[in-house]
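Reading the structure
The chain contents come next:
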Amino acid sequence: MTDLETLDSADQGAIEDEDLAAIREGSLGSDAWRELRRRPLFWICITIIAVLLAMAAFPQLFTSLDPEAQDQRNGLMFPSREHWFGTDLFGRDVYANVIYGARVSIVIAFVVTTFCAIIALIFGSLAGYYGGWIDSIISRITDVWFAIPGVLGSIVMLQMFETRNIATLSLALIVFSWTTMLRLTRSAVLAVKHADYIDSARALGATDFRIIWRHILPNALTPLLVYMAIFFGVVIAAEATLTFIGVGLQKPSISWGLIISDSRARIQTHPYLLLFPGAILSMAVFAFILLGDLLRDAFDPRQR
Amino acid sequence: MDPLLVVDDLHVEFRTDDGVVRAVNGLSYMVDRRETVAILGESGSGKSVSAQAIMGLIASPPGFITKGSVRFEGRELLTMAEDERRKVRGADIAMVFQDALSALNPVFSVGWQISEMFRKHRGASKKEAKKSAVELMELVEIPDATNRYRSFPHEFSGGMRQRVMIAMALALDPDVLIADEPTTALDVTVQAQVMQLLENVQAEFGMGLVLITHDLGVVAEQADRVVVMYAGRAMEKGTIDEIFDQPHHPYTEGLMNSIPRLDDLNERLNPIRGNPPDLLRIPSGCAFRPRCPYQQPDCAEVEPTLEFVGDSGRSTACHHWRDAFGE
Amino acid sequence: MSEPILEVANLVKHFPVTKGVLRRTVGQVQAVDGVSFDVARGETVGLVGESGCGKSTTARTVLGLEKATSGSVRFLGRELVGADMSDVRAARRDMQVVFQDPYASLNPRMTVNNIIAEAWHIHPGVVDESKHRTKVQELLEVVGLNPNYVNRYPHQFSGGQRQRIGIARALALEPTLIIADEPVSALDVSVQAQVVNLLEDLQNELGLSYLFIAHDLSVVRHISDRVAVMYLGKIVEFGAGADVYESPAHPYTKALLSAVPVPASRKHVRGERIMLKGDVPSPSNPPGGCRFHTRCWKVADICRTDEPPLEEITPGHQVACHYPETPVEIGV
């Protein structure tokens, strides 16, 4: 094919150096990045999330105090220079507890989000791509499951466990929250399934796996990514909620839900016990949900 | 007497995140009653934007009309108050769009949408409005109009929907009808029907018709005069015979040579080199220069203005038309 | 012309119309209903017709993107209808496709290099992996694009340039047949001609065959050796370009050709325009007898009851009409 370069018609599309030089560089992803980069809110979210991740990974960077060290004489102290967030009934530093509690929230949110996404990717793309009876079975099961109230389901399930730890809590959350992601993936796959580039790949003889992996998922992933960011925040809140009402984590774990739960009895006399952990929890949830919104805007400018 | 519609030195730009898109850069033309003027151009030539500017349909921001004037029977439209402008729209100047399916509201019956024109603008009663709407549907040759009155847009074929659009445009008896690619989405046999219909209603109502299209065949068969647009500018203006028999601009000539003809076989096509310009970065001087086979060094420096060719009123915007096409 | 490389016989593709939760079949859209034609090596066969006539479905069924309801597609001597997936996949090396919409036919998240080289990943052994990049650059040059643009993404190109990328992808496996489904309809007039010329040049150099599907009659006439006209799922006329365009025998072909506006001055003599009444009937409930009889000005009783077969009226010129309009008619 090499001696084709003299084709007259090949020359007619030329003069591209001039007009292509002007075209901006980069993929769709980098366009989204360009858009995100100049929004201050995005940087606020990223900073909050980065701090949270750092807390989860290296809590000792943020406090030199041992969250479990008790000091009965100094119980229920109001916030001060030594104890920024005050101390609890047993004299434990609330600030150190909040720092060390981040790990549990992040780990659970990460595990739950990842597992739900994997389930959604596998079954959502199977249902969307193959359609027919595969789709019917997967979609009907999803619909039925979707109808079960998630929080209620998790509570009932958690009450059946003797001991409750990160694993059981994650499991209870995964079991009752994978449905939305699956439906989302399925409809995203359906939307790109009929694109001409999918047919082009089929015409080249590509296998179904290749088509799904190389062509459909990269183009269908955006809504799932956006939802995953939001979902991450929702799981953090859900963990705190379940723990607060007593079906979640148990002591001696350290978690935001437990700290808030402990503060219950003294809210009126010592409101700081609730306020500081509560504020940190809300901020974390807020940062992830807002990040999801920003990602959606950046990837799909039409929605703005 | 003032001409019916005059567009003078119109400039429209869109201020986007990526820069200023100069969509229309000094477009001038006029239309009189019973006359059809075609605005011929490819995608990005600014032909549709100029029509939206005349209708006052440009969302601002990002769109801005930075210069120029649009006069209807001597009245300036661009500086007119919005409520006055609204009265002009529909009653004096009406528009037909390419995509009738999205231009019609899917949740109302077509009859209701046509009769609404009479109720809203003419204050007609429900019964009168319905009667007039059915008459209009008959005028645009929608079969079984009385029964189809209650049908919804999706129940019509593409050609029938375009007839509904035309009926709505005609409802208030406008003096100017702007048709933006009215047949582009239609099959060729249906296109022939719709073009025939437009010709008939124009004769009956005596309107001036502005026909915006990329299709040289439609222009040749339908229009009296043509404005050839490229990169938001008029490249050449003239009558059908002048332009098709002897183009006087390299772009017009290039277009003519690009199309295969049913009556001229197996000749190798002779395309225009390169690609249409990026409106964010229109070349300096003559916008067509990078693709032009006749370009000279001065084409990059000075933007050519329209100059008359002969004394028939035709004009071309090319520095070198004398060398390229002879006098 | 040499031996046929593609033979399509009595190809039928019906889409079931389903209703309700149980997906009960309540009808059939007869998109393609008994279509037969062939394409010879190095030849271009044009397939024209208006929207809904089944020309794109025919292409998709030949490509195996849709499963044929019945009939036969023989390609390079192999039957593709009902063949094993692996046989079909092998056949696809020699049969490639170029689509209409250059904005939809390239994966927006892949670079030009990955788009074109994908074929060699799917069919390993054609081009050694270490040579992919040079080979992609060669192909880009062949289709008239700057070979330095291998790492760019589709949205950085204009419509015409994207269509060239699509053609380069189709050429990657050095196919025998390219099925082009409205390859220039989405392009501007000035760019359309470039792509038509490119397709012609490639054919001359590489001996490609084309099945060229379009609604633009002038473009099809220009590029095709033989032309088939489709109406409501059937071929109504098939023959050499000159025969079909200069002495159309089917009333529909005649009307279709007369409806094309001629881009020439008023001095140009135009034939009389035959204005067809009404719209194309729905393919889910096509008229009995001759499918065109509801819009035909020559309709007779037999047209409403008996379907006219596609028959040769002069050598190589086939028409499906009880009253074809040709010089033959006078002679009979």
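Quick caveat, the model's predicted, so the values are computed rather than measured.

**As for the overall build of chain A**
The number of helices and strands found in chain A is 13 helices and zero strands. What you see in chain A, going N to C, is helices and strands ordered as α-α-α-α-α-α-α-α-α-α-α-α-α. Taking all 304 residues of chain A together, 40% fall into the buried category. For chain A, the proportion of contacts with a sequence separation of at least 24, taken over those separated by at least 6, is 67%.

**What to know about the overall build of chain B**
When helices and strands are counted, chain B shows twelve helices and twelve strands. In terms of overall size, chain B behaves like a compact globule, its C-alpha atoms giving a radius of gyration of 21 Å where 327 residues would be expected to give roughly 20 Å. The C-alpha extent of chain B, read off along each of the three principal axes, is 65 × 50 × 45 Å. Buried positions account for 49% of the 327 residues belonging to chain B. Of all intrachain contacts in chain B linking residues separated by at least 6 positions in sequence, the fraction that spans at least 24 positions is 63%.

**Some remarks on the interface of chain C and chain B**
Each side of the interface is counted separately: chain C has 36 residues, and chain B has 36 residues. Of all the secondary-structure elements, those providing two or more residues to the side of chain C that touches chain B are helix 5 (159-171), helix 6 (189-206), helix 7 (217-223) and helix 9 (251-259) of chain C. Per-class residue counts for the side of chain C that touches chain B are 17 nonpolar, twelve polar and seven charged.

**With respect to the pairing of strand 2 (residues 19-31) of chain B**
All names here are of chain B. Of the pairings in the sheet, the one linking strand 1 (residues 5-16) to strand 2 comprises ten bridges and is antiparallel in character. When the sheet's bridge partners are listed, Glu13 is paired in strand 2 with Arg22. What sits between the antiparallel neighbours strand 1 and strand 2 is a turn of two residues.

**Considering the environment of Ile178(C)**
All names here are of chain C. For Ile178, the location among the structural elements is in strand 7 (residues 177-181). Put simply, Ile178 and Cys296 are 118 residues apart on the chain and 35 Å apart in space, counted from C-alpha to C-alpha. Those residues in contact with Ile178 that lie beyond four places of it in its chain are Gln96, Val98, Ala170, Leu208 and Tyr210.

**What to know about the nonpolar core**
Of all hydrophobic cores here, the largest spans 279 residues; its most connected members are Val210(B) and Val229(C). Ignoring anything within four residues of it in the chain, the contact list for Val210(B) reads Val31(B), Val37(B), Ile39(B), Ala51(B), Val176(B), Ile178(B) and Ala179(B).

**Some remarks on the sheet that holds strand 8 (residues 208-213) of chain B**
Residues and elements named next belong to chain B. Within the open sheet, the eight strands sit side by side as 6-7-8-3-9-10-12-11. Their pairing is mixed. Each having just a single partner strand, strand 6 (93-96) and strand 11 (307-308) make up the two edges of the open sheet. Of the strand pairs in this sheet, strand 11 and strand 12 (residues 315-316) are connected by two bridges, and their pairing is antiparallel. Bridge assignment links Phe308 to a residue of strand 12, and that residue is Ser315.

**Some words on helix 5 (residues 126-139) of chain B**
Residues and elements named next belong to chain B. For helix 5, built from 14 residues, the straight-helix expectation of 20 Å at 1.5 Å per residue is met to within 8% by its first-to-last C-alpha distance of 20 Å. Among all positions in helix 5, only Ala129, Ala133, Leu136 and Met137 are buried. Along the long axis of helix 5, the arc covered by the buried residues comes to 100°, so they all point the same way. Residues Lys127 and Glu135 are exposed on helix 5 and point more than 90 degrees away from its buried face. Residues of helix 5 that are buried in the fold lie against helix 4 (110-122), helix 6 (145-148) and helix 7 (158-170).

**Structural notes on the pairing of strand 9 (residues 226-231) of chain C**
Residues and elements named next belong to chain C. Of all six residues making up strand 9, six are buried, and the element is well covered by its neighbours. As paired elements, strand 3 (residues 44-48) and strand 9 share four bridges and run parallel to each other. The residue bridging Val45 from the neighbouring strand is Arg226, located in strand 9. Here strand 9 runs beside strand 10 (residues 234-240); their pairing, made up of six bridges, is antiparallel. Paired with Arg226 across the bridge in strand 10 is Ala240. Between the antiparallel neighbours strand 9 and strand 10 lie two residues, among them Leu232 with a positive phi of about 50°.

**As for the sheet that holds strand 1 (residues 4-19) of chain C**
All names here are of chain C. Reading across the sheet, the four strands line up as 2-1-4-5 and stay open at both edges, with antiparallel pairing between neighbours. Only two strands of the sheet have a single partner each, and these edge strands are strand 2 (24-40) and strand 5 (78-79). Looking at chain direction, strand 1 and strand 2 are connected through 13 bridges and run antiparallel. Across the sheet, Phe15 pairs through a bridge with Val29, a residue of strand 2.

**A closer look at the environment of Ala103(B)**
All names here are of chain B. Along the chain, the position of Ala103 falls in helix 3 (residues 100-103). In sequence terms Ala103 and Arg261 are 158 residues apart; their C-alpha atoms lie 33 Å from each other. If near-sequence neighbours (up to four positions away) are discounted, Ala103 is found in contact with Phe97 and Met165.

**Focus: the packing of helix 5 (residues 94-130) of chain A against helix 6 (residues 132-147) of chain A**
The description of two packed helices rests on the angle between their axes and on the distance between the axes. Residues and elements named next belong to chain A. In contact at an axis separation of 7 Å, helix 5 and helix 6 are set at 140° when each is read in the N-to-C sense. Here helix 5 is positioned oblique relative to helix 6, judged by the angle of their axes. The crossing of helix 5 and helix 6 is left-handed. In this structure, helix 5 uses Phe123, Leu126, Ala127 and Tyr130 to contact helix 6, whose residues at the interface are Gly132, Ile134, Asp135, Ile138 and Ser139. Of the residues assigned to the contact of helix 5 with helix 6, the class counts are six nonpolar, two polar and one charged.

**Some details on unusual backbone geometry**
Most peptide bonds adopt trans geometry, and most residues besides glycine take a negative phi value. For the bond running from Ser60(B) to Pro61(B), omega is -10°, close enough to zero to count as cis. With respect to the helices, strands and loops of the structure, Pro61(B) is situated in the loop between helix 1 (47-55) and strand 4 (63-72). The omega torsion across Pro61(B) and Pro62(B) is 10°, close enough to zero to call that bond cis. Looking at the element boundaries, Pro62(B) is found in the loop between helix 1 and strand 4. Positive phi values are uncommon outside glycine, yet Arg34(B) reaches one of about 65°. Its location among the elements puts Arg34(B) in the loop between strand 2 and strand 3 (36-40). Positive phi values are uncommon outside glycine, yet Asn10(C) reaches one of about 50°. Mapped onto the fold, Asn10(C) is located in strand 1.

**Brief notes about the confidence of the model for chain A**
Residue and element names in this part refer to chain A. Taken as a whole, chain A shows an average pLDDT of 82; of its residues, 89% reach a score of 70 or greater. Mean pLDDT per element in chain A: helix 2 (residues 16-21) is the minimum at 44, and helix 9 (residues 179-193) is the maximum at 92. Low pLDDT, under 50, characterises residues 1-5; the predicted model gives this stretch eight contacts beyond four residues in sequence or across chains. Confidence drops under pLDDT 50 across residues 15-25; counting only partners more than four residues distant or on other chains, this segment forms 14 contacts.

Conventions and cut-offs
Residues numbered from 1 in each chain as written. Chains lettered and ligands numbered in written order. Predicted model: local features only at pLDDT ≥ 70, side-chain atom pairs only at ≥ 80, totals over all residues. Helix = DSSP H or I, 4+ residues; strand = E, 2+ residues; numbered from the N terminus. Buried ≥ 20, exposed ≤ 12 C-beta atoms within 10 Å, placed from the backbone. Contact = placed C-beta atoms within 7 Å. Rg over C-alpha atoms; globule rule 2.2 N^0.38 Å. Nonpolar A, V, L, I, M, F, W, Y, C, P; charged D, E, K, R; others polar. Pairing = 2+ DSSP bridges. Core = buried A, V, L, I, M, F, W, Y, C linked by C-beta atoms within 7 Å. Expected span 1.5 Å × (residues − 1). Arc of directions from axis to C-beta. Axes fitted to C-alpha atoms, helices over the stretch in contact; angles between N-to-C directions. Parallel < 35°, antiparallel > 145°, perpendicular 65-115°, else oblique. Left-handed = near helix turned anticlockwise from the far one by under 90°. pLDDT = per-residue confidence, 0-100.

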